[in-house]
Amino acid sequence: MSHARVLGIGLAALAAAAVAYAQTEVTPIPDTAPVESAPLEPAAPEAPTTWGDPQNGQTLAGTCAACHGLDGNSLDPMYPRLAGQSEHYIAEQIARFKSGERSDGMALIMKPFADMLSGQDARDVGAWFATQKSGAGVADDSVVTSGPYEGMRFYEVGQQLYRSGAADRGIPACMACHGPDGSGNPGPAYPHVGGQFASYTQQRLETFRNGTGAETGEPLFRIMAHIADRLTDEEVGALASYMEGLHPAADDLVASAAPVPAAAPAPAQAADEVPTAQDTLQADGEGLPADGAQAPAADPAATDAAPVDDGADADTDVPAEDGDTAADADSGAAELG
Ligand code: HEC
Ligand code: HEC
């Protein structure tokens with residue numbers, strides 16, 4: 001059989017969607033296949049997933065609505081918000097629920113719904129939620145009455161760690177990976193954390209700290225485990241509260257940037273929000289960000305310094321009497337904690 005003929009068969013088979021047949025004819029031993037047969041890319045052995053289709057995702061999300069809300073803004077803090085979460089992160093977590101790796105917390109409630117989704121479904125539904133705008137809650141501004149943070153407002157304890165970390169204890173600034181407004185970074189799957197219910201964030205941080213399931217072997221999990229290990233209970237609570245109130249100051253800007261390009265996992269943040277070099281870096285990178293380019297090392301107030309210019313700053317809503325930044329006219333932050 002001439003090679004041209006094999007190719008011809010392969011293409012015809014492809015056209016007829018009989019991919020399996022093409023495979024057996026053309027690439028019987030993938031590793032040692034003759035070079036000439038290599039270009040027949042389409043007959044890949046496993047159906048790879050592609051960037052999620054939000055429209056199909058919307059249909060699938062009907063199943064999720066009872067708990068997570070159709071747009072991913074659940075009403076019950078027992079169920080995490082998915083709105084604004086990255087396509088990758090959602091698909092990855094669904095895969096972990098399915099495999100049983102993610103078994104802490106309330107994972108058992110979630111598992112049967114994950115089991116219903118194929119890998120592509122998970123990306124489609126992820127793409128749908130990624131295009132939805134996350135609501136936010138209100139951070140706790142009561143004054144801490146004792147301990148190392150005495151005199152500070154509770155959310156300020158979280159704010160300080162979120163923006164600056166604690167270098168002396170090896171705690172990096174959360175915003176280096178999760179972004180100044182908590183939008184995360186979809187490239188390397190640093191999840192969106194802004195506006196999430198405090199109780200859920202607290203549970204996640206405790207899982208990172210004490211997790212026992214197979215998930216603890218995941219490299220991305222270990223990044224967070226390493227960080228959460230160093231947080232006290234008080235800090236976990238304060239961070240969770242701060243992050244519940246965290247949302248982009250220019251919500252409109254973020255909302256208009258929401259539709260995700262079909263092929264590229266471009267950062268969901270407004271393009272001018274973060275230096276592009278950093279985006280590229282993080283979008284390709286695995287694991288830790290290469291340096292502190294995005295970290296607020298010297299100036300924790302940086303993101304508040306110029307509240308008027310553009311979408312670069314973030315707000316945490318706190319009850320009104322704190323004059324900080326709250327001027328809370330944004331539409332999406334109405335939900336209660
Ligand atoms: C019966 C309620 C219920 C339904 C329906 C449901 N979920 Fe969940 N989901 C949960 C609970 C509870 C959790 C939190 C699990 C935990 O504690 O780790 C969760 C967590 C998740 C997470 C992890 C979020 C994060 O930030 O870590 C994702 C992603 C998710 N669900 C996606 C979906 C999708 C997609 C659907 C629909 C196909 C769906 N869920 C349907 C209850 C539900
Ligand atoms: C070096 C990058 C990095 C830094 C710094 C970082 N995180 Fe994370 N964070 C991650 C990654 C990666 C994940 C996803 C973990 C996984 O896949 O299991 C994550 C997940 C989370 C989640 C779970 C979100 C969800 O919906 O399930 C929370 C909450 C969180 N981080 C909070 C924090 C806080 C608070 C800090 C600062 C004290 C922080 N992170 C610092 C990378 C980072």
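Structure: above.
It should be emphasised that the depicted structure is a prediction, and the values quoted were computed from it without experimental measurement.

S.K.: Could you clarify how one ought to interpret helix 12 (residues 233–245) in this entry?
M.R.: A turn of α-helix holds 3.6 residues, and therefore any two residues three or four places apart point the same way. Helix length check: helix 12 (13 residues) gives 19 Å between terminal C-alpha atoms against 18 Å at 1.5 Å per residue, within 8%. Burial of helix 12 is extensive: 11 of the 13 residues sit out of reach of the surface. Of the surrounding secondary structure, the elements contacted by the buried residues of helix 12 are helix 8 (154–164), helix 10 (198–210), strand 1 (246–248) and strand 2 (314–316).

S.K.: Just checking my understanding: could you explain the environment of Ser99 for this structure?
M.R.: Within the secondary structure, Ser99 is located in helix 5 (residues 87–99). Using a count of 13 C-beta atoms within 10 Å as the deciding quantity, one classes Ser99 as partly exposed. Sequence separation between Ser99 and Ala214 is 115 residues, and the spatial gap between their C-alpha atoms is 9.5 Å.

S.K.: Got a minute to help me understand the site of ligand 2 in this structure?
M.R.: Surrounding ligand 2, one finds 23 residues, the nearest of these being Pro172, Cys174, Cys177, Leu220 and Phe221. Secondary structure elements with two or more residues in the shell around ligand 2: helix 9 (175–178), helix 10 and helix 11 (219–228). Its residues assigned to classes, the shell around ligand 2 shows 19 nonpolar, two polar and two charged.

S.K.: What's the story with helix 8 in this structure? I'm lost.
M.R.: Along helix 8, 10 of the 11 residues are buried, which leaves the element largely enclosed by surrounding structure. The first or second residue beyond helix 8 is Gly165, which carries a positive phi of 65°.

Thresholds applied
- Residues numbered from 1 in each chain as written.
- Chains lettered and ligands numbered in written order.
- Predicted model: local features only at pLDDT ≥ 70, side-chain atom pairs only at ≥ 80, totals over all residues.
- Helix = DSSP H or I, 4+ residues; strand = E, 2+ residues; numbered from the N terminus.
- Expected span 1.5 Å × (residues − 1).
- Buried ≥ 20, exposed ≤ 12 C-beta atoms within 10 Å, placed from the backbone.
- Contact = placed C-beta atoms within 7 Å.
- Near = placed C-beta within 6 Å.
- Nonpolar A, V, L, I, M, F, W, Y, C, P; charged D, E, K, R; others polar.

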